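# Coordinate analysis (summary)
Next come the chains, spelled out residue by residue.
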Protein chains: 2
Amino acid sequence: MLKLYLAGPEVFLPNARAVLDAKAAMTRAYGFEPICPGDLVIEPAPTRHQFGLNISATDEGFMNAADGVIANLTPFRGIAADPGTAFELGYMCATGKLVAAYTNIAENHYARTVAWYDGKVELAEDGRKRGPDGLSLEDFDMIENLMLHGGVERRGGPVVIHKASQDALYSDLTGFEACLRILAEKHGKMGGPLP
Amino acid sequence: MLKLYLAGPEVFLPNARAVLDAKAAMTRAYGFEPICPGDLVIEPAPTRHQFGLNISATDEGFMNAADGVIANLTPFRGIAADPGTAFELGYMCATGKLVAAYTNIAENHYARTVAWYDGKVELAEDGRKRGPDGLSLEDFDMIENLMLHGGVERRGGPVVIHKASQDALYSDLTGFEACLRILAEKHGKMGGPLP
């Protein structure tokens, strides 16, 4: 049975365990074995810093044990995906494993960046769209920076967009389930959830 | 000669070429061959989306050709590293290549997240520090999410912190040069810049 690492900022939720349990159950229902970053049994450490390193080691071990990843790229504390999830998606892309991603907001990367600049984006002399700070904007009809969206799409993985309600921004599993369904059709032993 | 991929948000600067050229020259002075994401000769494409995919393919090819990475994790449009750079650092960590990182601000990940919440962070019943939105904060004395900082440190790579002036936030190369110096001492043929 293929193992899927479930990457995303859900680990920071007050009800992280419940959301991760729901994701894990759904993953099993589609015929995959879930590996959650929340399933942590971390070695105690003398410092916070060392404890952080231990979590890093554990999560990398989980990724190494997995056959693929579903990454929740919903923007987190700003306009971009959680940097830990971005790191993990890059890690899994490098290994040639199965990759899938979803986001729970409808605005694409460009729209979010324009909003970051309150719409004050202009075409510069070099032909690039730039904010008042001079930094250029990516405008590639993608949900995230092109390395993330492109890394998944170029490997044939699904990039699912679903507009969740604000109060379910990190717990809505519609996009997550769509990823599972597509992966199951292509790689799983079953075409859908258990009856 | 070892090749280093120079990851970071400099590609978005108005003077991207000049900053990347300066990084490339400095990289050569320390005995490494630079590979810049700005060195793009991208295949034309019928759509913006396909053009973005082509850049993704080119940059991944650059990473595959490199022996290591120096990642600029200076926060970009918010409190976190550029997600493209985070992806690239994860990608390089997965391959067992040389990794190094620097940031041009002094505040660590935790301090930046507390500032994001205007200081309104409290210890929750579960023993975690949480913002008013209930999301927990990482507090591991690290410059970024633990997967990034931990991924570099656990591989023995340098994580350099340098406080740059605001107007040189992405162009100050002090931390970048410190990474080069450390990599050169450990892995290069030379111990410092050319005389």
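Data block above holds the structure.
Heads up: these notes are all about the structure in this document. (Residues numbered from 1 in each chain as written. Chains lettered and ligands numbered in written order. Predicted model: local features only at pLDDT ≥ 70, side-chain atom pairs only at ≥ 80, totals over all residues.)

### Details of the relation of the copies chain B and chain A
- Overlaying chain B on chain A yields an RMSD of 0.0 Å, the required transformation being a rotation through 180 degrees with an accompanying axial translation of 0.0 Å. In the structure described here, the two chain copies are related by an operation that fits a two-fold rotation axis.
- The fraction of interface residues of chain B whose copies in chain A are also interface residues reaches 100%, indicating that both copies meet through the same surface. (Least-squares fit on C-alpha atoms with pLDDT ≥ 70 in both. Contact = placed C-beta atoms within 7 Å.)

### Here's the deal with the sheet that holds strand E2 (residues 33-35) of chain B
All names here are of chain B.
- Strand order in the open sheet made by the five strands is E2-E1-E3-E4-E7, with parallel pairing throughout. The sheet is open, and its two borders are formed by E2 and strand E7 (159-161), each paired with just one other strand. For this sheet, the mean angle separating the axes of adjacent strands, direction not counted, is 20 degrees.
- As paired elements, strand E1 (residues 3-7) and strand E3 (residues 68-72) share four bridges and run parallel to each other. The residue bridging Tyr 5 from the neighbouring strand is Val 69, located in E3.
- Across the sheet, helix H3 (residues 83-94) touches E1, E3 and strand E4 (98-103), and the angle it forms with E3 is around 155 degrees.
- Packing of helix H5 (residues 146-153) onto the sheet brings it into contact with E4 and E7, and relative to E4 it is tilted by some 130 degrees. (Pairing = 2+ DSSP bridges. Helix = DSSP H or I, 4+ residues; strand = E, 2+ residues; numbered from the N terminus. Axes fitted to C-alpha atoms, helices over the stretch in contact; angles between N-to-C directions.)

### Comments concerning the sheet that holds strand E2 (residues 33-35) of chain A
Residues and elements named next belong to chain A.
- Strands sit in the order E2-E1-E3-E4-E7 across an open sheet of five strands; the sheet is parallel. Every other strand in the sheet has two partners, leaving E2 and strand E7 (159-161) as the edge strands with one partner each. Strand after strand, the sheet turns through a mean of 20 degrees between neighbouring axes, direction not considered.
- Note: strand E1 (residues 3-7) against E2, three bridges, orientation parallel. Among the inter-strand pairings, Lys 3 is bridged to a residue of E2, identified as Glu 33.

### Focus on unusual backbone geometry
- A positive phi angle, close to 50 degrees, is found at A:Asp141, a residue other than glycine.
- Relative to the elements of secondary structure, A:Asp141 occurs in the loop between strand E6 (129-130) and helix H5 (146-153).
- Residue classification places A:Asp141 among the partly exposed positions, given that 15 C-beta atoms sit within 10 Å.
- A positive phi angle is found at B:Arg77, which is not glycine, with a value near 50 degrees.
- Looking at where B:Arg77 falls in the secondary structure, it is placed in the loop between E3 and H3. (Buried ≥ 20, exposed ≤ 12 C-beta atoms within 10 Å, placed from the backbone.)

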